[in-house]
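Per-entry structural report
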Amino acid sequence: TKFEYWCMNSAKTLTKAIDEEKSKEARLQDKIASLDKSAEVLTAEIAQLQKEIQDLDVEETEATDARTSANALYEEQSSAHTETIKAISDAIAALEQSKADTATLLVSRQRVSRALALLGATGASAEERQRLVAFASGEYEPKDRPDLKASGDQESHVKKYSFK
């Protein structure tokens with residue numbers, strides 16, 4: 001009869017719907033398990049990346065400190081070199097002035113002493129340092145200057161040009 005037919009078809013439809021829903025539930029449970037595993041993996045990766053960031057921050061701080069100390073050392077050395085160059089220039093100027101004026105010999109010796117102290121162990125040979133020390137202490141005897149034989153004939157050495 002119709003009612004039996006309907007009951008039979010209803011039972012098939014109901015059984016089919018239950019089977020589909022059970023299958024769908026199993027798939028969703030698998031998907032949930034998969035997403036939970038993914039969340040665990042991603043949490044572990046985040047923790048690892050946070051540790052790497054901390055390590056990099058520490059390395060950055062160390063590198064910055066090293067660079068700062070190296071820069072301070074450079075600045076110190078640079079100013080020492082600048083002072084040495086100035087002292088040597090002053091000593092050279094004083095020595096050249098003392099060629100013409102012997103009253104400045106003491107000043108020249110003082111400036112050579114200061115330049116020698118700033119020069120340190122580097123920058124001059126042992127022989128040059130010995131001569132500078134001897135000059136600064138007053139023990140240096142300069143070589144005698146030869147007599148100049150060109151006295152009085154400067155005009156013969158000067159060239160005169162005529163311009164048009």
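Small disclaimer: the values here were computed from a predicted structure and weren't measured.

Turning our attention to the overall build of the chain. The secondary structure content of the chain amounts to three helices and zero strands. Along its sequence from the N terminus, the chain presents helices and strands in the succession α-α-α. Out of the 164 residues belonging to the chain, those deemed buried represent 9%. Element-wise, carbon and sulfur atoms account for 57% of the exposed surface of the chain, whose accessible area totals about 14600 Å².

What follows concerns the pattern of salt bridges. Under the definition given, this model contains one salt bridge. Lys 51 is paired through a salt bridge with Asp 55; the nearest N and O atoms lie 3.3 Å apart. Note that Lys 51 and Asp 55 are positioned in helix H1 (residues 2-100) at a spacing of four residues, about one turn of the helix. Look at Asp 55 and you get partly exposed, because its relative accessible area is 37%.

Across the chain, the average pLDDT comes to 80, with 70% of residues at 70 or higher. The least confident element of the chain is helix H2 (residues 105-119), whose mean pLDDT is 68; the most confident is H1, at 89.

A few words on a negative patch on the surface. Residues Asp 19, Glu 20, Glu 21 and Glu 25 make up a contiguous surface patch of negative charge. Inspection of the secondary structure puts Glu 20 in helix H1. When its relative accessible area of 48% is taken as the criterion, Glu 20 is described as partly exposed.

On to the side chain of Thr 84. Mapping Thr 84 onto the fold places it in helix H1. Within the structure, Thr 84 has its side chain in polar contact with the backbone oxygen of Ala 80 (distance 2.8 Å).

The rules we used
- Residues numbered from 1 in each chain as written.
- Predicted model: local features only at pLDDT ≥ 70, side-chain atom pairs only at ≥ 80, totals over all residues.
- Heavy atoms only, no water.
- Helix = DSSP H or I, 4+ residues; strand = E, 2+ residues; numbered from the N terminus.
- Buried < 20%, exposed > 50% of the residue type's maximum accessible area, 1.4 Å probe, protein only.
- Areas by Shrake-Rupley, 256 points an atom, 1.4 Å probe, with all protein chains shown as cover.
- Salt bridge = Lys/Arg side-chain N within 4 Å of Asp/Glu carboxyl O.
- pLDDT = per-residue confidence, 0-100.
- Patch = residues over 30% accessible without salt bridge, like charges linked within 9 Å, V, L, I, M, F, W, Y side chains within 5 Å.
- Lys, Arg positive; Asp, Glu negative; His and termini not counted.
- Charge placed at Lys NZ, Arg CZ, Asp CG, Glu CD.
- Polar contact = N/O pair within 3.5 Å; in protein donor to acceptor, adjacent residues only side chain to side chain.

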